Amino acid sequence: MSKATLERGINALKEQIDAPTAAFFSSCVHCGLCAQACLFYTETCDPAKTPIHKLEPMRRLWEQEYTLGGRIRKWLGLAKPVTDGELARWSELVYQNCTLCGRCSMVCPVGNDITYMIRKMREGLSAAGHAPDGLIGATTRAVKLGSPMGVTLKALKAQAKHVKEDSGLDIPFDVEGAEYMVLLSSMEVINYPEYLQAIARIFDQTGKTWTISSQAFEATNSGIQIGTSDIAAELVQRVVDAAEKLKVQTVISPECGHAYTAIRWEGPNLIGRPFTFKVQHILEVLDELREQGLLRVEGVEDSRLTFHDPCQLVRRGGVIDPPRNLIKMVVDDFVEMKDHGKMNWCCGAGGGVSAIEEAAEIRLKAFNRKKKQLAKLKVDGLVTACANCRIQIEEGLEENDMDMPVIGLTEMLANHLVEEDTGGGTSS
Amino acid sequence: MNIEAVLQWIRGPGLSLSLGIFIFGILLKLLEIFLLGRRKNLAAVRSSGVAAGFRTIFSRSLPPEGNILRRPPFVFIFGYAFHIGLFVVILFLAPHIQVAQSLLGLSWPSLPTPVVDVFAVIALIALMALLWYRLTSPLMKYLTTAQDYLVWALTFIPLLSGYMAYHHLLLPYTWLLAIHIASVELLLVLFPFTKLTHAFTLFISRWYTGMMAGQKGVQS
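Quick caveat: nothing in here was measured; it's all calculated off a predicted structure.

**Side note on the overall build of chain B**
Along the backbone of chain B there are 9 helices and 0 strands. Its helices and strands in sequence order give chain B the pattern α-α-α-α-α-α-α-α-α, from N to C terminus. Judged by the C-alpha coordinates and their principal axes, chain B covers about 70 × 40 × 35 Å. Classification of the 220 residues of chain B by burial places 30% in the buried group. In chain B, once contacts between residues fewer than 6 apart in sequence are set aside, the share between residues at least 24 apart is 75%.

**Thoughts on the overall build of chain A**
Looking only at helices and strands, chain A has 22 helices and 7 strands in total. Rg of the C-alpha trace for chain A: 22 Å, near the compact-globule value of 22 Å for 428 residues, within the 12% margin. Overall size of chain A, expressed as C-alpha extent along the three principal axes, is 80 × 50 × 35 Å. Pairs at least 24 apart in sequence give 82% of the contacts found in chain A among residues at least 6 apart.

**Concerning the sheet that holds strand 1 (residues 180-182) of chain A**
All names here are of chain A. Reading across the sheet, the 4 strands line up as 2-1-3-4 and stay open at both edges, with parallel pairing between neighbours. Pairing within the sheet leaves two strands with one partner each, and these edge strands are strand 2 (210-211) and strand 4 (278-281). As paired elements, strand 1 and strand 2 share 2 bridges and run parallel to each other. Bridging from a neighbouring strand, Tyr 180 pairs with Trp 210 of strand 2. Its contacts with the sheet put helix 16 (residues 257-271) on strand 3 (250-253) and strand 4, and the angle it makes with strand 3 is roughly 155°.

**Things to note about the domain arrangement of chain A**
Residues and elements named next belong to chain A. In terms of domain boundaries, chain A breaks down into domain 1 (6-131), domain 2 (146-292) and domain 3 (305-414). The straight-line distance from the C-alpha centre of domain 1 to that of domain 3 is 28 Å. On the domain 3 side, the residues contacting the 15 residues of domain 1 number 21 residues. At the level of elements, helix 4 (39-42) and helix 7 (84-96) are the ones that each hand at least two residues to the side of domain 1 that touches domain 3. Of the residues forming the side of domain 1 that touches domain 3, the biggest block, 3 residues, is contributed by helix 4. Considering only residue class, the side of domain 1 that touches domain 3 consists of 7 nonpolar, 6 polar and 2 charged.

**What to know about the nonpolar core**
Cys 34, Met 181, Val 182, Leu 183, Val 239, Val 251 and Ile 263 of chain A are the most contacted members of the largest nonpolar core, which totals 154 residues. Element by element, the count of residues in this core is highest for helix 15 (residues 229-245) of chain A, at 8 residues. Beyond its immediate chain neighbours, meaning those up to four positions away, Cys 34 of chain A contacts Thr 50, Pro 51, Ile 52, Cys 104, Val 107, Cys 108 and Ile 114 of chain A. Core analysis: the second largest hydrophobic core is formed by 13 residues, Phe 78, Leu 86, Phe 119 and Ala 126 of chain B among them.

**Focus on the packing of helix 7 of chain A against helix 9 (residues 114-127) of chain A**
Residues and elements named next belong to chain A. Interhelical geometry of helix 7 versus helix 9 gives an angle of 140° and a closest axis separation of 10 Å. By the angle between their directions, the pair helix 7 and helix 9 is classed as oblique. Seen along the crossing, helix 7 lies across helix 9 with a hand that is left-handed. Residue-level contacts link Leu 87, Trp 90, Ser 91, Val 94 and Tyr 95 of helix 7 to Ile 118, Met 121, Arg 122 and Leu 125 of helix 9. Classifying every residue of the contact of helix 7 with helix 9 gives 7 nonpolar, 1 polar and 1 charged.

**Quick notes on the packing of helix 2 (residues 19-27) of chain A against helix 9 (residues 198-215) of chain B**
Relative to each other, helix 2 of chain A and helix 9 of chain B sit at 135°, their axes nearing to 8 Å. By the criterion of interaxial angle, the relationship of helix 2 of chain A to helix 9 of chain B is oblique. As for how helix 2 of chain A packs across helix 9 of chain B, the hand of that crossing is left-handed. Residues Pro 20, Ala 23, Phe 24, Ser 26 and Ser 27 of chain A of helix 2 of chain A form the contact with helix 9 of chain B, whose own contacting residues are His 198, Thr 201, Leu 202, Ile 204, Ser 205 and Tyr 208 of chain B. Of the residues in the contact of helix 2 of chain A with helix 9 of chain B, the class split is 6 nonpolar, 5 polar and no charged.

About the thresholds
Residues numbered from 1 in each chain as written. Chains lettered and ligands numbered in written order. Predicted model: local features only at pLDDT ≥ 70, side-chain atom pairs only at ≥ 80, totals over all residues. Helix = DSSP H or I, 4+ residues; strand = E, 2+ residues; numbered from the N terminus. Buried ≥ 20, exposed ≤ 12 C-beta atoms within 10 Å, placed from the backbone. Contact = placed C-beta atoms within 7 Å. Rg over C-alpha atoms; globule rule 2.2 N^0.38 Å. Pairing = 2+ DSSP bridges. Axes fitted to C-alpha atoms, helices over the stretch in contact; angles between N-to-C directions. Domains from an automatic or database assignment. Nonpolar A, V, L, I, M, F, W, Y, C, P; charged D, E, K, R; others polar. Core = buried A, V, L, I, M, F, W, Y, C linked by C-beta atoms within 7 Å. Parallel < 35°, antiparallel > 145°, perpendicular 65-115°, else oblique. Left-handed = near helix turned anticlockwise from the far one by under 90°.

Here's what the structure looks like:
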């Protein structure tokens, strides 16, 4: 990365401004409805956190550069230029007070995709040197070590060994021609290794071939969270190279929200060409296996459960029905939160917020929205499909003295696999 | 210069000039948007997004999914009341249709004037309510700019002067008619250079948002 300056920031922002951006800024009537859709506003009532306001410097730049009226005002010296100090001030709103959850984009009456623009705004802020330290650190580790949390191949291999001991199943590394290539998030390797074992057991039962690439096993992409497209592209390219080298048919994005957006929707656009393989979220894969009758489960959970939709899977990713189809296989007493599916409320820590130390307070405040939703339901536990949501919800529940298990969906399904079919047979 | 001459100028050259600026401004606005272009989506899409885009153009005119009362109903109620009132007055008042006929050669049935009158009152009350909300809500005060007030006045004055002209209130009819038409012309002139453009650009915004979400398999 060359040195971050205001000039680079402005240029990066200018590069981001496209026809949709111009249409969106031209359409905003300052009605304030996006604020009511944003948990950072609803939980603080701070008007500065209104989604569209988070874009004010970018809006002015658009007006001054790409509209006749704005250009004339600039020429007459009547336009207020975007300054470095202003961008620095906006950093907090754009990184700490937005999870890119996309809820505002669903309610805007003129139809503005505000989240689409916040993603763009981050490109400008990061080029201007105003990205938060936590995200810079995560991004640097992702580039240098291959993982934003510094999880190395060695650590993953150690987890693979545990899986072997527990279940008798081998974790296949670098198998050429496998049907599926599995990606993992660092958070899963460190905090939720159950996921890896669940995958191994499910693929064993369903008889599918799969592999993990030792070159590229990390699914998360700090580049898109911080808003540096060339780094995001580099991280995507690693996965693409690995998938093409191993000639796999499908790359599986793990239980992580933004990792899915990164590889599934942004990936080909970042590297500038369509993929030669398919990308699916693990829940899409499992739902397909269910449809084909390959995923066979027995028994049901005896508790009342709900599902927390990771924003990047539902609203920003289109994976809406698969989790519900899968949950209903093993849960009798399943209840939805009032706002669920594409209108869910964010956990409060997505879009890189969890990587920013200074955001610790605000993200727990934002969690109050989820807390209120859960309190209304009277459930015994919560199922989700994103390690980042999961850790935020666990922390939020702890903070609020709410005792409730948070379960990964893949893991829950694996616990119900028809026993005699699992190869290892020693799992609990 | 008497008022008759002023009215004549307003109805003749004034109208042509303001309509000319309006049309030029809107075309410029559309060019400013579309010339920026947009990168082709290279991801494997779930659908073309065309149907979803058209659905969003329509669906964003409806309240968001089932929870109108949990959002501030104020903006919704008066927002709808104002827009519906305004459209009825503009499109279905007999004299307005006559203007359209002389300009475009198009004509359509009008509504009885007392009916249109009710809608004019609804629109006026709704506009005042929305202004009050802007002036008092902490959120709205924070978001509101000088242009928001300007645009409010640009919309309010034609409605009010038209209403007053019809009811022969306060000023002589000719004066009120002159003020009414002149204020509409001012609205037309400033329209393309203010947020009033949303009347056109919202269709573009909804299209892009609906189409992009549709490609991912989400109806936005």
